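Single-letter residue listing:
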Amino acid sequence: MTMFPTDVLLAYLLAVLVIVIAPGPDNILAIGRGLSQGRAAAALSSIGAGLGIMVHTLAATLGLALVLQTSPLAFWVVKAAGAAYLLWLGCKAIFSRNLISFTPAARQPLRRVFATGLLSNVLNPKPGLFVVAFIPQFVAAQRGSVPVQMLVYGAIFAVLTAVIFTALGCFAAQLSNALARRPRLVLWANIGAGLTFVAAGLSILALDRRR
């Protein structure tokens, strides 16, 4: 019996594609980087988000994510940190309006772009709880090592996240010249992105570890 049956793998790939394409703070961040700083920044932000998925997968495989479900204090600490970070990103985008900016001085070092992409995912407990609830549905002990299956499915999730987010960011980079000539549109794009982060942060604050 193969560890990864074709029908299960195809179903998993389809589900992951739907999840990754759905609008959220991580792909909004990659698109914003692509618009303001080009393809390299979009790719690094996307790779950071993909590595964040792997961090959550490793935590789930090692059982650390279960601690978040059973320990109110641990869950509250992680939730507060994640919500605060996303709210800070949102307020910064709304008031500083530099998430999408064509001013050279507003360009961020690529290492910071990568770190922001990573931290926006790692500090968000929702992907961790999602991994715990989602990936095990495709894992079966009779097909072999459960940790290996978890890690492989998580790696697929991470790679697709990085690739698709990079594609979205690179597509956005193609629109940067047209957007740069429309400052009012840039203003509203920053506000819209900021509100997305704020909404994500507030949704984390309302998150129940039992869900």
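These notes cover the structure that comes with them. (Residues numbered from 1 in each chain as written. Predicted model: local features only at pLDDT ≥ 70, side-chain atom pairs only at ≥ 80, totals over all residues. Heavy atoms only, no water.)

**Thoughts on the packing of helix 3 (residues 39-62) against helix 8 (residues 146-174)**
Right, on to step 1. Axis separation between helix 3 and helix 8 bottoms out at 8 Å; the angle between their running directions is 160 degrees. When the axis of helix 3 is compared with that of helix 8, the two are roughly antiparallel. The two elements helix 3 and helix 8 cross, and the hand of that crossing is right-handed.
Right, on to step 2. Of the residues belonging to the contact of helix 3 with helix 8, the class tally is 18 nonpolar, nine polar and one charged. (Axes fitted to C-alpha atoms, helices over the stretch in contact; angles between N-to-C directions. Helix = DSSP H or I, 4+ residues; strand = E, 2+ residues; numbered from the N terminus. Parallel < 35°, antiparallel > 145°, perpendicular 65-115°, else oblique. Left-handed = near helix turned anticlockwise from the far one by under 90°. Nonpolar A, V, L, I, M, F, W, Y, C, P; charged D, E, K, R; others polar.)

**A closer look at the environment of Tyr85**
Right, on to step 1. Relative to the helices and strands, Tyr85 resides in helix 5 (residues 72-95).
Right, on to step 2. On the basis of relative accessibility, which here comes to 14%, the residue Tyr85 falls in the buried class.
Right, on to step 3. Non-local contacts of Tyr85, meaning those with residues more than four positions away in its chain, are made with Thr116, Leu119, Ser120 and Leu123. (Buried < 20%, exposed > 50% of the residue type's maximum accessible area, 1.4 Å probe, protein only. Contact = heavy atoms within 4.5 Å.)

**Let's talk about the environment of Leu9**
Right, on to step 1. Along the chain, Leu9 turns up in helix 1 (residues 6-21).
Right, on to step 2. Through-space distance from the C-alpha of Leu9 to that of Phe138 is 8.1 Å; in sequence the pair is 129 residues apart.

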